[in-house]
Amino acid sequence: MRARAIVLTGAAGFLGSRIAQAALDRSLALRAVVRRDVADESPWAARAELHRLDLSETPEGDADPALNALLEGAAAVIHAAAAFAGDDCAQDRDTIAPTRRLLTALARARAQAGTAPRLVLVSSLAVYGYAALPDGAQLDETTPLEPSPERRDAYCRGKLAQEALALSAAQEHGLEIRVVRPGAIIAQDRLGTARLGLSLGGRLATIGPDAALPTVDVEACAQTILAAALTPVARHEAGPEAGPFEAINLIDPDPPLRSAHLARLQETGRPRKIVSLPRKPLRLAAAAVSTLGDLRPALPRRLPGVLRAESFEARFKPLIWNTSRQQTLLAAAEAAPADPPA
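Remember, it's a predicted structure, so these values are computed and weren't measured experimentally. (Residues numbered from 1 in each chain as written. Predicted model: local features only at pLDDT ≥ 70, side-chain atom pairs only at ≥ 80, totals over all residues. Heavy atoms only, no water.)

**Brief notes about the sheet that holds strand 1 (residues 6-9)**
Strand pairing in a sheet relies on backbone hydrogen bonds. The paired strands run either parallel or antiparallel. Stated formally: When DSSP finds two or more bridges between a pair of strands, those strands are recorded as paired. Runs of E in the DSSP output that reach at least two residues are strands. Runs of H or I that reach at least four are helices, and both are numbered from the N terminus. What counts as an axis is a line fitted to C-alpha atoms, over the stretch in contact for a helix, and the angles between N-to-C directions run from 0 to 180 degrees. Throughout, a contact is declared for two residues whenever any of their heavy atoms are within 4.5 Å.
Strand order across the open sheet formed by 7 strands is 3-2-1-4-5-7-12, with parallel pairing between neighbours. On the outer flanks of this sheet lie strand 3 (49-52) and strand 12 (245-250), each paired with one strand and no other. Strand-to-strand twist across the sheet, computed as the mean angle between neighbouring axes with direction ignored, equals 20°. Here strand 5 (residues 118-122) pairs with strand 7 (residues 177-182) via 4 bridges, running parallel. What sits directly across from Leu119, in strand 7, is Ile177. Where helix 5 (residues 218-230) meets the sheet, its contacts fall on strand 1, strand 4 (76-79), strand 5, strand 7 and strand 12, and the angle it forms with strand 5 comes to roughly 155°.

**Things to note about the packing of aromatic side chains**
The criterion, for reference: Stacked, tilted and edge-to-face are the three classes applied to pairs of Phe, Tyr and Trp rings, where Trp contributes its six-membered ring and a pair requires centres within 6.5 Å; stacked means planes under 30 degrees apart, edge-to-face means over 60, and tilted covers the rest. Burial status follows relative accessibility: with a 1.4 Å probe on protein chains alone, a residue under 20% of its type maximum counts as buried, one over 50% as exposed, and anything between as partly exposed.
Applying the stated criterion to the full structure yields 3 aromatic pairs. Taking the centre distance of 5.2 Å and the plane angle of 70° together, the rings of Phe312 and Phe316 count as edge-to-face. Here the residue Phe312 and the residue Phe316 both occupy positions in helix 8 (residues 309-316), the gap between them amounting to 4 residues, near one helical turn. Like Phe312, the residue Phe316 is buried in the burial classification.

**Here's the deal with the side chain of Gln91**
Among the secondary structure elements, Gln91 is positioned in helix 3 (residues 88-113). Beyond its immediate stretch of four places on either side in the chain, Gln91 contacts Ala83, Ala85, Gly86, Ile96, Ala154, Tyr155 and Gly158.

**A look at the packing of helix 1 (residues 14-25) against helix 5**
To keep it simple, the criterion reads: These descriptions rest on fixed angle ranges, namely under 35 degrees for roughly parallel, over 145 for roughly antiparallel, 65 to 115 for roughly perpendicular, and the rest for oblique. Handedness of a crossing follows from how the near helix is turned relative to the far one, being left-handed for an anticlockwise turn of less than a right angle and right-handed for a clockwise one. Only Asp, Glu, Lys and Arg are considered charged, only Ala, Val, Leu, Ile, Met, Phe, Trp, Tyr, Cys and Pro nonpolar, and every remaining residue, Gly among them, polar.
Between helix 1 and helix 5, the least distance of the axes is 8 Å, while the angle of their chain directions is 60°. Regarding the angle of helix 1 to helix 5, the classification is oblique. Between helix 1 and helix 5 the crossing geometry is right-handed. Of the residues in helix 5, those in contact with Phe14, Leu15, Arg18, Ile19, Ala22 and Ala23 of helix 1 are Val218, Glu219, Cys221, Ala222, Gln223, Ile225 and Leu226. A breakdown of the residues in the contact of helix 1 with helix 5 according to their chemical character gives 10 nonpolar, 1 polar and 2 charged.

**A word on the nonpolar core**
Note the cut-off: Among the buried residues, those of types Ala, Val, Leu, Ile, Met, Phe, Trp, Tyr and Cys that are joined through side-chain atoms within 4.5 Å form a nonpolar core.
The biggest cluster of nonpolar side chains holds 35 residues, and the ones touching the most others in it are Ile6, Leu8, Leu15, Leu30, Trp44, Ile78 and Ile225. If you list the elements that add at least two residues to this core, you get strand 1, helix 1, strand 2 (30-34), strand 4, strand 5, helix 5 and strand 12. Element by element, the count of residues in this core is highest for helix 5, at 8 residues. When neighbours within four sequence positions are excluded, Ile78 is seen to be in contact with Ile6, Val7, Leu8, Thr9, Ile19, Val120, Val122, Ile225, Leu226 and Ala229. Formed by 22 residues, the second largest nonpolar core is a distinct cluster that contains Leu71, Leu102, Leu121 and Ala169.

**As for helix 5**
Basically, it comes down to this: A helix is expected to span 1.5 Å for every residue after the first. Here a polar contact means two N or O atoms within 3.5 Å. Within protein one must be a hydrogen donor candidate and the other an acceptor candidate, and residues neighboring in sequence count only if both atoms are side-chain atoms.
Spanning 13 residues, helix 5 covers 19 Å between terminal C-alpha atoms, matching the ideal 18 Å at 1.5 Å per step. For helix 5, the full list of buried residues reads Val218, Cys221, Ala222, Thr224, Ile225, Leu226, Ala227, Ala228, Ala229 and Leu230. Where helix 5 begins, the capping side chain belongs to Asp217, and its oxygen is found 3.0 Å from the backbone nitrogen of Glu219.

Printed below as a string of structure tokens:
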């Protein structure tokens with residue numbers, strides 16, 4: 001049997017490549033999964049065990065030899081492969097189907113061997129129900145998830161579906177699962193986020209009062225996700241057959257105000273001009289569109305997110321971002337770096 005390793009899907013992506021590098025910097029054995037059409041240009045590729053596997057493809061029959069071999073003896077799986085844009089069909093193909101296939105393989109491994117690798121599912125802050133929160137409320141992992149996904153965008157629906165599959169797998173098959181929900185993942189050369197406002201060519205229209213942005217630096221995000229993979233999930237009051245399940249928001253401990261982030265962005269030469277729009281009239285317009293959507297349900301999905309009330313609130317509601325669970329994880333990982341691959 002091969003040495004225990006970290007399995008990483010989506011290893012060629014913006015976040016995945018940083019997770020891969022972080023794992024190799026710690027001398028961990030890495031099984032990196034990339035799609036067949038991805039080139040081997042990453043600087044870490046030569047140091048990892050590279051697997052070309054399209055998780056969106058449905059295996060023939062009940063067996064899944066490619067995934068079974070990938071998971072054999074692994075300590076943990078970090079599932080970062082997903083679609084970041086596209087309609088519901090794209091989300092079903094590139095986000096939901098790969099997650100279902102991976103969970104099925106993990107459940108099969110546990111049924112056959114009595115154990116399975118820990119799973120860290122990379123989700124998003126997009127899953128929360130922002131419209132029900134008052135301005136200035138504190139958002140943490142106990143905040144209810146979006147109750148009206150049909151009023152949100154396809155990305156939100158894809159992430160909610162992923163999490164629902166993961167929770168069901170923990171409850172029904174005893175899998176150990178940690179869901180991480182990053183905010184807007186940024187880097188020095190990638191500072192844009194839809195939470196800043198409306199992009200109009202080279203201009204940006206900000207909406208409403210200055211407020212904290214739930215950003216997370218990509219390097220810090222990668223390190224925290226790796227800590228999540230190496231640290232056991234605490235077992236709470238679940239049923240005797242259910243596996244431990246935990247959700248953790250990933251946000252910089254001191255998130256910047258939008259104005260500070262915009263100043264940093266402007267140092268890169270864009271946007272050329274910033275204008276400020278009042279939040280109340282746009283909020284009322286979005287609410288009116290949502291009401292119209294009750295009469296014509298297909299309408300909201302064809303409109304920009306800013307014109308749907310629930311998506312508008314998800315982007316622009318001023319909130320306080322609680323990071324205590326994230327800090328607890330990092331403290332636990334530093335005090336007792338658990339489960340390093342043998």
